[in-house]
Amino acid sequence: MAEALRIGLAGLGNVGAGVFKLLEEHSELMASRCGRSLEVVAVSARDRSRDRGFDFTNARWCDDPRSLAEDGNIDVVVELIGGSDGVALQLVEDALASGKNVVTANKAMLALHGTRLASKAEESGVGLAYEAAVAGGIPIVKSLREGLAGNRIERVYGILNGTCNYILTAMEESGREFDDVLSEAQSLGYAEADPSFDIDGIDAAHKLALLTSLAFGRFVEFDTVYTEGIRQVGAIDIDFARELGFRIKLLAIARATANGIEQRVHPCLISTDTPIAHVQGVFNAVVAEGDYVDRTMYEGRGAGEGPTASAVVADLVDLARGDLLPTFGVPVQKLESTPSATMEEHESAYYVRLMVVDKPGVMADVAAILRDENVSLESVLQRGRDPGEVVPVILTTHVTVEAGMRRALQQIGELELVVESPLMIRVEDL
Ligand code: HSE
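Quantities reported herein were computed from a predicted structural model and do not represent experimental measurements. (Residues numbered from 1 in each chain as written. Predicted model: local features only at pLDDT ≥ 70, side-chain atom pairs only at ≥ 80, totals over all residues. Heavy atoms only, no water.)

### Here's the deal with the site of the ligand
Note the following rule: By convention in these notes, a residue is near a molecule or strand provided one of its non-hydrogen atoms lies within 4 Å of it. Polar contacts, as counted here, are pairs of nitrogen or oxygen atoms within 3.5 Å of one another; within protein the pair requires one atom able to donate a hydrogen and one able to accept it, and residues that are adjacent in sequence qualify only if both atoms are side-chain atoms. In these tables, accessible area is a Shrake-Rupley quantity obtained with a 1.4 Å probe, and a residue counts as shielded only by the protein chains included in the view. Lining residues are those with an atom within 4 Å of a point, where the points come from a 1 Å grid over the protein atoms alone and group into cavities, where a 1.4 Å probe fits but cannot get out, or pockets, open sets with protein on both sides within 12 Å along at least five of seven lines. Any molecule with more than half of its atoms within 2 Å of a cavity's or pocket's grid points is regarded as sitting in that cavity or pocket. Secondary structure elements are taken from DSSP: a helix is a run of H or I of four residues or more, a strand is a run of E of two residues or more, and numbering for both begins at the N terminus.
Around the ligand, the surrounding shell consists of Lys107, Asn161, Gly162, Thr163, Asp198, Asp203, Lys207 and Ala303. Thr163 places a side-chain nitrogen or oxygen 2.5 Å from an oxygen atom of the ligand. For the ligand, an oxygen atom lies 2.8 Å from a polar atom in the side chain of Lys207. Compared with its free state, where it exposes 260 Å², the ligand has 81% of that area covered by protein. Judged by the proximity of its atoms to the pocket grid, the ligand belongs to the largest pocket. Sorting the residues of the shell around the ligand by element identifies α7 (162-174) and α10 (202-216) as the ones contributing at least two each.

### Focus: the side chain of Thr169
We count it as follows: Note on exposure labels: buried denotes an accessible area under 20% of the residue type's maximum, exposed denotes more than 50%, and partly exposed covers the range between, all computed with a 1.4 Å probe on protein chains only.
With respect to the secondary-structure elements, Thr169 resides in helix α7. Relative accessible area serves as the criterion here: at 5%, Thr169 is assigned to the buried category.

### Describing the nonpolar core
Formally: Take the buried Ala, Val, Leu, Ile, Met, Phe, Trp, Tyr and Cys residues and link them wherever side-chain atoms come within 4.5 Å; each set so joined is a nonpolar core. Whether two residues are in contact is decided by their heavy atoms, any of which lying within 4.5 Å being enough.
Within the largest apolar cluster, 82 residues are counted, with the highest numbers of intra-cluster contacts made by Ile140, Leu144, Val156, Ile167 and Ile230. The element that contributes the greatest number of residues to this core is α10, accounting for nine residues. Residue contacts for Val156: discarding those within four places in its chain leaves Leu211, Ala215, Phe216, Ala252, Ile253, Ala254, Val286, Val287 and Ala288. Listed in part, the 35 residues of the second largest apolar core include Val15, Val40, Leu316 and Val317.

### Digging into α10
Threshold: What a helix should span is 1.5 Å times the count of its residues minus one.
In this model, α10 (15 residues) spans 21 Å end to end at C-alpha, consistent with the 21 Å of a helix rising 1.5 Å per residue. Most of α10 is tucked away, with 14 of its 15 residues classed as buried. Within two residues after α10, Gly217 carries a phi angle of roughly 60°, on the positive side.

### Comments concerning the side chain of Arg426
Looking at the element boundaries, Arg426 is found in strand β17 (residues 423-427). Of note is the side chain of Arg426, whose polar atom sits 3.2 Å from the side chain of Glu228.

### Notes on the domain arrangement of the chain
The criterion, for reference: Domain start and stop points were drawn from an automatic or database domain assignment. Between Lys or Arg on one side and Asp or Glu on the other, a salt bridge is scored when a side-chain nitrogen of the former is within 4 Å of a carboxyl oxygen of the latter.
Partitioning the chain into structural domains gives domain 1 (5-133), domain 2 (140-301) and domain 3 (344-427). Of note, the centres of domain 2 and domain 3, computed from C-alpha atoms alone, are 25 Å apart. With 21 residues of domain 2 at the contact, the number on the domain 3 side is 15 residues. Counting every contact that joins domain 2 to domain 3 gives two salt bridges. Between Arg426 and Glu228 there is a salt bridge, with its nearest N and O atoms 3.2 Å apart. Linking domain 2 to domain 3 there are six residue pairs in polar contact (both at pLDDT 80 or more). Secondary-structure elements contributing two or more residues to the side of domain 2 that touches domain 3 are α11 (235-243), β9 (246-257) and β10 (260-271). Ranked by residues supplied to the side of domain 2 that touches domain 3, first place goes to β10 with six residues.

See below:
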């Protein structure tokens, strides 16, 4: 058997522990699949004395993770520290510069520095692999880069954040409000103490930037991802959406349009007839549409010890077999800087919730503004009647250009009888 692939593991949190356990439990299986064994020879974490529930004493302990990059007895550095910059970035840069392969689950780092790091990997002739960075256990990087390599990808979209999907599902099932469900998710440990990366859509945007690059052969461009989270979605919207035949999901969508590549993360109304509408709870899903294959869909757990370890080890298996693939599907020199389409140019149907004083004439004013901005209404819903009180009115529109829609909502929000800023959710045609 060939020599072992020697692994240096930085970060022994949940995922690091999962990788360690998987490699121990499946050591024979991995050896037969790779023709060599996969051995964790060195580890680094913040606190050596913490009881992690498994024995890593056979691996050399390093107080400073960066020493893994210089260690001549390591073939691949697995970076599971996290954070877009700081120690994680330094470790990865040093490891690539010293000719070591890198496997990482760090979407934030790759979304911000991915193109430059891919370039460094190429210069050194090593791999930079990140299956675990997008949708956890779902092998979507492999699917786009290998399984669908024969296709021109037209659109890729998905539920890329399990925390948001859990919250939206729980709101739907219980009828409770966002804040209530979020607090419960935090107390159960499903949501972070500082949940903003998840609920404001940033985590999904990091992942989308990587998918876009893979799907469209483009530089990684996180700055141009339009990002909205789910804080403003109310139980009432979920309820009205259901009445109209939709579910509300936080989707991350990348699409080639006549104006350039669109990258956007925001809540969407999606028809309950679509398969992705049935992906509930913490699950993630990705749909990739190619010109020859048509629609393909992948579903699975987007986070957690086992699923993320599964993805990290898939990358290690590739490296052990000697499979070195371009980080973003094509060599960095071939990545393009295709223009980005703006949201003002985006075309969609819209769901709008207005909180209005229930008085004759208010809807005539709203309708006049929409008419002047060339927005065509598809439906108007008001439940019950409460003269003089504030009631919700739900509008849905036909497909229209977002710039006009935004102008209309600005004016509608300024009407005296409209008491809150209108809430707008895009209706996604999937
Ligand atoms: N926090 C992420 C989620 C998982 O809730 O899906 C790691 O990216």
